[in-house]
Amino acid sequence: MNILLIGSGGREHALAWSLVKSPVLNELYVAPGNAGIEQIAKCITLDITDHRTVIDFCRLHDISFVVIGPEAPLVDGLSDSLTHAGLRVFGPSSAASQLEGSKGFTKDMCSRANVPTAAYGRFSDAESAKAYVREQGAPIVVKADGLAAGKGVIMAMSEQEALDAVDSCFDGAFGAAGAEVVIEEFMEGEEASFFVLSDGVNALPLATAQDHKRAFDGDTGPNTGGMGAYSPAPVMTKTMTDRVMEEIIRPTIADMKAQGCPFKGVLYAGLMITKDGPKLIEYNVRFGDPECQVLTMRLKTDLLLILLGCAEGTLHLVDAEWHDDPAVTVVMAAEGYPGSYEKLTEIKGLEDAAADPDVEIFHAGTVVVDGKLLSNGGRVLNITARAETVSEARQKAYAAVEKIDWPKGFYRKDIGWRAVQREDVS
Ligand code: AMP
Ligand code: GLY
C-alpha cells in the first residue's frame, strides 16, 4: 500500500519511523517532511491548502491511505475533501476538528455530555467578559476561542491581569482566534495527556504522556509547543484511565456522533487530575508533538493497522500493545525559541549520538544543504530513549544530547523530573 503522510515535525518523523516498519507498506510519501524523514521516506513538495492538488497527487501515485499529522489542515477540511474524493484518510473532519479549533465548541459539548471540566463563560464582547471576571475573581483563565498556536491562554493571577487579557484579546492580540473569548475557572492538580483513537463509534485507548510546556528548567519561561515528554504518565493509573474513559472520552464520542459530526481520528485529551477527579482542560484532534515520539517508541503493534482500523470503522477488532518500559524525549531547540531565532545553523554529531540502540533521534526543523545538516525551525531535534525506568531512559537521552555538536541550540536539562521524583521515593 502507498501512503501519503502530511507534516514536517518530530511527530511526523516518529509516525513515518513507525509506518515504515509495517509489512503492509509499499511506498511512503511525506509532504513536506524534513531531513530525518528524507532518510526513510520520499519527501515531496505539495501545496496542502490546495485540496485538488493533493487529490491529484494521490491518484497519480496510487495512494490508498492519507495520514494527516497537524491540526491546521484538519480544521481546513483536508480530510473532508479527500474522503469526498473516495480516498481513505486518518484525521477527523473539519466539523469534528472544532474540538480543537474552538474552545467554546468544546465547552458546550462538555455541558451537553456532562463531561467534567472547568466552569466557564463564552463572550463576544469585552464588557460582558469583564463583568464575568469581576464576578468570579482571580485566579482565572482567559482564552482566545480559536487556534492561536498555543499562545491564546492567559492564566491571570490577579483580577487586573484578567481584565487586561480580555482587552488584549478583543484588541486583536491573537488575530481572528480572539474574536470570542472563553473565561474559565483556574483548576489545580497534575496535568496529563491521554491519547485515544476513535472511528466515530468505538474507542481504543492508546497511552498517556506528560509534556513540558515551558521553555526553561524548573517549568519557567514562556510557553512553547513542548520541550520534552515522557510516557506513561504515572498519575494515570489503571483506575484513573478507566475513569477518564467513562467520564470524559465515551460521553464525548457519543455526543459528537449525536451532533452529526462523529469523531474519527486521534483524540488527545489534556487532563487536569484534581482532588475531585479528572477534568478536561482541552482536546486536540491530532497526536501531540513531542508526545507522539514517546508513544511510538513504546508501541509494539503495527501502527499502520491501528490507523487503518480507525479510518475504516473497525477499531473494535484492533488492539494496541505497548512496551511497559517508559520512554523519554528531550527537545533541542534553536536559541531564542519560542521567540525569534536564527535558522540554517550547522548541527554535527548525530550519528554518534544515535549509536545506542535504545535511542532514536527524530528530526523536526532540519534540512540538508550541500551535505551539511542545518537547523530549519524553532524545535529542531527530539532525542528519544526507552529504558527500564524513567531515570535510565532520561540518562540515555541526555548522554545522546551531549554528543550533539550544535552551539546554536538549547534544551531543558530536567525533562522527566516529576516522574524521576516519584521513582526516587518509591
Ligand atoms: P490549553 O491551550 O487550553 O491547553 O492551555 C494551555 C495550558 O494552560 C494547559 O496545558 C494548562 O497548563 C493551562 N490551563 C489551561 N486551562 C486551565 C485551567 N482552567 N486551569 C488551570 N490551568 C489551565
Ligand atoms: N505538545 C503539545 C501539543 O502537541 O499540543
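To be clear, the structure that these remarks concern was listed above.
Cut-offs used in this document
Residues numbered from 1 in each chain as written. Chains lettered and ligands numbered in written order. Predicted model: local features only at pLDDT ≥ 70, side-chain atom pairs only at ≥ 80, totals over all residues. Heavy atoms only, no water. Near = heavy atom within 4 Å. Polar contact = N/O pair within 3.5 Å; in protein donor to acceptor, adjacent residues only side chain to side chain. Areas by Shrake-Rupley, 256 points an atom, 1.4 Å probe, with all protein chains shown as cover. Helix = DSSP H or I, 4+ residues; strand = E, 2+ residues; numbered from the N terminus. Nonpolar A, V, L, I, M, F, W, Y, C, P; charged D, E, K, R; others polar. Buried < 20%, exposed > 50% of the residue type's maximum accessible area, 1.4 Å probe, protein only. Arc of directions from axis to C-beta. Contact = heavy atoms within 4.5 Å.

A. Here's a closer look at the site of ligand 1. Close to ligand 1 lie 15 residues, the nearest being Glu184, Glu185, Met187, Glu191 and Glu282. Residue Met187 places a main-chain N or O atom 2.8 Å away from a nitrogen atom belonging to ligand 1. Relative to its free-state accessible area of 460 Å², ligand 1 is covered by the protein chains to the extent of 91%. Of all the secondary structure elements, the ones that give two or more residues to the shell around ligand 1 are β7 (140-144), β8 (153-156), β9 (181-185) and β16 (277-284). Across the shell around ligand 1, the residue classes break down as eight nonpolar, no polar and seven charged.

B. Local environment of helix α2 (residues 51-60). Taken as a whole, α2 has its buried residues at His51, Val54, Ile55, Phe57 and Cys58. Take α2 and look down its axis: the buried residues cluster within an arc of 160°, on one side only. Where α2 is buried, its residues meet β1 (2-7), β2 (28-32), β4 (63-68) and α4 (78-84). Just beyond α2, the residue with positive phi is Asp62, at close to 55°.

C. Highlighting the environment of Tyr411. As for its placement among the helices and strands, Tyr411 is situated in the loop between β22 (409-410) and α14 (417-425). Once residues lying within four places of it in the same chain are set aside, the contact partners of Tyr411 are Val330, Val331, Met332, Tyr398, Val401 and Glu402.

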